[in-house]
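Structure assessment
Next come the chains, spelled out residue by residue.
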Amino acid sequence: MKADRNAIAALLAMSIASGGSYAAESDDLTLNLIDLLVQQGVIDRKKADQLVAQAKAKAAACQTAAAPKSTQPAAPVAPAASAPEPGDVRVTYVPEFVKDEIRQEVRKDLRDEVVKEVKVQAKEEKWGIPAALPEWVTRFKLSGDMRLRFESDMFGSDNQPNSYFDWPLVNKKGGITHVDDPFLNTTADRQRYRMRWRLALDTQITDGLMAGVRLATSNDRNPISNNQTLGQYGEQYEIAIDRAFMRYDLLDEQGRERLNLWGGRFANPWLSSDNLFDQDLSFEGAAAALHLPIGPAPAHYHVPNPFGRQTLNMGVSKPNQVFLTLGAFPLQEIQLESTDKWMWAAQAGVDWVFSGTTRVRGAIGYFDYNNIVARRDPLGSRINDWSAPQFFTKGNSVARISNDVDTSTEPRLVGLASDFNIIDAIITVDWSGWGANHVMFTANYSDNLGFDQNEILSRTGLDIEPRTQAYQVRVDVGRPEINRFGDWNVWMAYKYLQRDSVLDAFTDSNFHLAGTDAQGWSLGVNYGIARNTWANLRWMSTAAIDGPPFDVDVLLADLNARF
């Protein structure tokens, strides 16, 4: 109806704009338009009647003024060809205020409709945003996440108190005699409320080159957890720089990655499970990944981290490629020493899609740790104290470093008894033929080739049995990523880590409360409760493989959000 009124008003305006021409045809058009305006509710009938009366008077005056002066009597006027229909109104003059009202009405209606359409189009096409902001603003991307956690640690009834030394605490305090309770808690159940907050800022410096930094909570002060334990009213929360790096990506003509270079402190560049590296672990040093395409990349495979786990962390990491990743990572810089601690690593693998719905990724890697073995001090010296690890948890065999001149028989400082040169194999099979849900199977095996029983015996006097193997099997079912309400996934895994299979400093921080010498089951479920918000429930039931009984069940209930 509004569009009809606009059209009528526009025609009336055109008639008015004809100036002083008042031909019969124009009169009929004008009168009909006024009548239509009455019917459409633009003007009421009283105002129309006034317009008609004024128009007739004006029309008569115009005709009198326009008639030629003549002495001859006026010719008789011929009757009209047809009589007007009942209800017709004839107006030959429209006052100026009516013209103004019509003009304003037309302008307003047109303006409102045009502005509305322009706003919609501008929003869809993002008009003017790059030009409206400084150029550097468009090169930054801000993201983050937050997690609230309830944790319950429940220990087995067969566990015995004072059965495992807390070696990291002993090292920190300067010896067993300096610690009130030098043993791990293996009997008293514990409940904790914890949170994690992370904020990342990435910037595109130029084509292919970007830099990033990530802040994270960190009052646990270790490389495998960003948890902040609540109940610290006597202290403020601590924020640490969790990542700071630069990355270069070289793409081919089809937009596929051919080379990735990392430097600084960055995310895990390996295809790995949490048996080898905890999900929160960042790597310090440099790494390079070479990609060789061996087929066309399926466009619909672009989920970089299925089920939120460590996978190929190489940008988009499109399938149908073979890859080689190399890395060098300083673990500890030793002042006045040329024996810095390092990890050198290489991994080769394949990423392939079969039948359009099955993606298979497999890799074999070698992770060589240098200068991490404990070295016994000469009598009365501390020259080899540097060989103690900066960070470790529990499980790996330890050997005494300190050799103090006193009557104490207890060590002041310990370190790792075995070297670690780990060969690791992993394969994942991801089937996406069930709509938006996936089914993924993962198998992982590790063996520490650096364990040498004879070398350990000659260096430490300890005859330690080789326990160097670890493996994991896991099944995930559901959405690869939880993005909205109703998204879900579930998973189940069995893990087995012998004492000296992997470095206890870097393995999963939740399974068996961190460390090695552990076996058991893990079950988990994720469910989306809102956009980018989901709940997670995880249960881990574990036991020690060797040594005294050490059973522990861990329940984790999380509320997660990302932005």
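Scroll up to find the structure.
Worth saying up front: this structure is predicted, and the values here are computed from it rather than measured.

With that settled, the discussion passes to the overall build of the chain. Tallying secondary structure elements over the chain gives seven helices and 19 strands in all. When each of the 563 residues of the chain is scored for burial, the buried share is 44%. Considering only contacts in the chain between residues 6 or more positions apart, those separated by 24 or more positions represent 66%.

This paragraph deals with the nonpolar core. Within the largest apolar cluster, 38 residues are counted, with the highest numbers of intra-cluster contacts made by F277, F283, M343, F367, Y369 and L503. For this core, the secondary-structure elements that each account for two or more residues are β6 (257-266), β7 (283-293), β9 (341-354), β10 (358-370), β18 (533-544) and β19 (551-562). The residues contacting F277, other than those within four sequence positions of it, are N268, W270, S272, F283, M343, F367, Y369 and F506. A374, A399, I401 and F451 belong to the second largest nonpolar core, which has nine residues in total.

This next bit is on the pattern of salt bridges. Charged atoms that come close allow side chains of opposite charge to pair. Inspection of the entire model under this criterion finds 25 salt bridges. Close ionic contact of R214 with D242 constitutes a salt bridge, the shortest N to O distance being 2.4 Å. Placement of R214 in strand β3 (residues 209-217) and of D242 in strand β5 (residues 239-251) is noted, with a sequence separation of 28 residues between them. Residue R214 shares its accessibility class with D242, and that shared class is buried. For R412, the salt bridge identified is with D385, shortest N-O distance 3.2 Å. Remark: D385 occurs in the loop between β10 and β11 (398-400) and R412 occurs in the loop between β11 and β12 (414-416); sequence separation between them is 27 residues.

In this section: helix α7 (residues 453-460). Put simply, D452 is the residue that caps the front of α7, since its side-chain oxygen is 3.1 Å from the backbone nitrogen of N454. G461 sits one or two residues past α7 and shows a positive phi near 75°.

Quick look at a nonpolar patch on the surface now. On the surface, W136, F140, L142, L201, V213, L215, I239 and I241 cluster together to form a nonpolar patch covering roughly 720 Å² of accessible area. In this structure, I239 sits in strand β5.

Let us look at the pairing of strand β8 (residues 321-332). In regular strands, side chains alternate between the two faces of the sheet. Bridge analysis of β7 against β8 gives eight bridges, and the strand direction is antiparallel. Paired with L292 across the bridge in β8 is V322. Here 11 bridges tie β8 to β9, and the two strands are oriented antiparallel to one another. Along β9, the bridge assignment pairs V322 with V350.

Here the focus is the packing of aromatic side chains. If you walk through the whole model with that rule in mind, you get 20 aromatic pairs. For the ring pair F155 and F550, a centre distance of 6.4 Å and an interplane angle of 25° mean the geometry is stacked. Taken together, the positions of F155 in strand β1 (residues 140-155) and F550 in the loop between β18 and β19 put the pair 395 residues apart, joining distant regions of the chain. A relative accessible area of 11% means that F155 is categorised as buried. Exposure remark for F550: the relative accessible area of 3% places this residue in the buried category. Across from the ring centre of F511, 4.6 Å away, lies the NZ or CZ of K495, which sits over that ring.

So, about unusual backbone geometry. Backbone geometry at L513 places phi at a positive 60°, although glycine is not the residue there. Position of L513 relative to the elements: it lies in the loop between β16 (488-497) and β17 (518-530). Look at L513 and you get partly exposed, because its relative accessible area is 24%. Here A514, not a glycine, exhibits a phi torsion of approximately 85°, which is positive. Tracing the backbone through its elements, the reader meets A514 in the loop between β16 and β17.

Conventions we followed
- Numbering of residues starts from 1 in each chain and follows the order in which that chain's sequence is written.
- Local features are withheld for residues below a pLDDT of 70 in this predicted model, meaning they are given only at 70 or higher, and side-chain atom pairs are given and counted only at 80 or more; totals for whole chains, interfaces and linings count all residues.
- Working from all heavy atoms in the structure, the side-chain values ignore hydrogens and water.
- Put simply, DSSP marks the helices as runs of H or I at least four residues long and the strands as runs of E at least two long, and each gets a number from the N terminus on.
- Exposure classes here rest on a 1.4 Å probe applied to the protein chains alone. A residue is buried below 20% of its type maximum, exposed above 50%, and partly exposed in between.
- Whether two residues touch is decided by their heavy atoms; if any such pair falls within 4.5 Å, the residues are in contact.
- Among the buried residues, those of types Ala, Val, Leu, Ile, Met, Phe, Trp, Tyr and Cys that are joined through side-chain atoms within 4.5 Å form a nonpolar core.
- Every case where a carboxyl oxygen of Asp or Glu lies within 4 Å of a side-chain nitrogen of Lys or Arg is listed as a salt bridge.
- Contacts described as polar in this section are N or O atom pairs within 3.5 Å, which, within protein, must combine one atom able to donate a hydrogen with one able to accept it, while residues neighboring in sequence count only if both atoms come from side chains.
- Only residues whose relative accessible area exceeds 30% and that form no salt bridge enter a patch; like-charged residues are grouped when within 9 Å of one another, and nonpolar side chains (Val, Leu, Ile, Met, Phe, Trp, Tyr) when within 5 Å.
- Accessibility throughout is a Shrake-Rupley quantity obtained with a 1.4 Å probe, and a residue counts as covered only by protein chains that appear here.
- What makes two strands pair is DSSP finding at least two bridges between them.
- Side-chain rings of Phe, Tyr and Trp, where Trp is taken by its six-membered ring, are said to pair if the distance between their centres is within 6.5 Å; with planes under 30 degrees apart they count as stacked, over 60 as edge-to-face, and otherwise as tilted.
- Charges are assigned to positions over rings by a cutoff of 6 Å between ring centre and Lys NZ or Arg CZ, combined with an angular limit of 35 degrees from the ring normal.

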